[in-house]
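Close look at the chain arrangement
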Amino acid sequence: MKLKILYFAGLREKLGESSEDVDLPAAVGDVAGLIRFLTARGRHWEALGTYRNLRYAVNQEMARLDTPVVDGDEVAFFPPVTGG
């Protein structure tokens, strides 16, 4: 299964990239599984597991941890943003 992953705001800066195409094992079936898979890569990707209030979207629709992901989906991660 192949997904397009988009990273925004501080997460993009931490990872040093705004997007990537990822080949996933068949065992990954939802957003929670995707986060576990990505964080298991270590290094900067562990940041995904440290954000409180991390938001995600699947195919440009806000999603939950149990939202399914399938081949060809686009998943976006939005960390909390502060502003003034």
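Check the entry above for the structure.
Notes on the structure follow. (Residues numbered from 1 in each chain as written. Predicted model: local features only at pLDDT ≥ 70, side-chain atom pairs only at ≥ 80, totals over all residues. Heavy atoms only, no water.)

Let's talk about the nonpolar core
Filter applied, for reference: Only buried residues count toward a nonpolar core, which is a set of Ala, Val, Leu, Ile, Met, Phe, Trp, Tyr and Cys residues joined through side-chain atoms within 4.5 Å. Buried means the residue's accessible area, taken with a 1.4 Å probe over protein chains only, is under 20% of the maximum for its type, while exposed means over 50%, and partly exposed covers the values in between. We count a stretch as a helix when DSSP gives it H or I for four or more residues in a row; a strand needs E for two or more, and each element gets its number in order from the N terminus. We call two residues contacting when some pair of their heavy atoms lies within 4.5 Å.
Counting residues in hydrophobic clusters, the biggest one holds 22 residues, and the most contacted among them are Ile5, Tyr7, Leu11, Leu34, Val75 and Phe77. With four residues, the single largest contributor to this core is helix 2 (residues 31–39). Not counting chain neighbours up to four residues away, the residues in contact with Leu34 comprise Leu3, Ile5, Leu24, Val28, Val75 and Phe77.

Concerning the packing of aromatic side chains
Selection rule: Pairing of aromatic side chains requires ring centres within 6.5 Å, counting the rings of Phe and Tyr and the six-membered ring of Trp. Pairs whose planes differ by under 30 degrees are stacked, by over 60 edge-to-face, and all others tilted.
Summed over the entire model, instances satisfying the criterion amount to three aromatic pairs. Ring geometry for Tyr7 and Phe77: centres 6.2 Å apart, planes at 15 degrees, overall stacked. Of this pair, Tyr7 sits in strand 1 (residues 2–7) while Phe77 is found in strand 5 (residues 74–78), placing the two residues 70 residues apart along the sequence. Given the relative accessible area of 1%, Tyr7 is considered buried. With a relative accessible area of 0%, Phe77 lands in the buried category. Ring geometry for Tyr56 versus Phe77: centroids 6.4 Å apart, planes at 80 degrees, classification edge-to-face. Here the residue Tyr56 occupies a position in strand 3 (residues 55–58), and Phe77 occupies one in strand 5, the gap between them amounting to 21 residues. Per residue, the accessibility class of Tyr56 equals that of Phe77, and both read buried. Ring pairing ties together the aromatic residues Tyr7, Tyr56 and Phe77, which thus form one cluster.

Here's the deal with the pattern of salt bridges
Which entries qualify depends on this criterion: Take a side-chain nitrogen of Lys or Arg and a carboxyl oxygen of Asp or Glu: if they are within 4 Å of each other, that pair is a salt bridge.
A complete count under the given rule lists four salt bridges for this structure. The shortest N-O distance in the salt bridge between Asp23 and Lys2 comes to 3.7 Å. Highlighted residues: Asp23 in strand 2 (residues 19–23) and Lys2 in strand 1, separated in sequence by 21 residues. On the basis of relative accessibility, which here comes to 41%, the residue Lys2 falls in the partly exposed class. A salt bridge links Asp66 to Arg64; the nearest nitrogen and oxygen atoms lie 2.7 Å apart.

Examining the pairing of strand 1
Quick note on the threshold: Here, strands pair whenever DSSP counts at least two bridges between them.
Relative to strand 2, strand 1 is paired through five bridges, and the arrangement is antiparallel. Counted as the bridge partner of Ile5 is Glu20 from strand 2. Bridge count between strand 1 and strand 5: four bridges; the pairing is parallel. Opposite Leu6, over in strand 5, you have Ala76 as the bridge partner.

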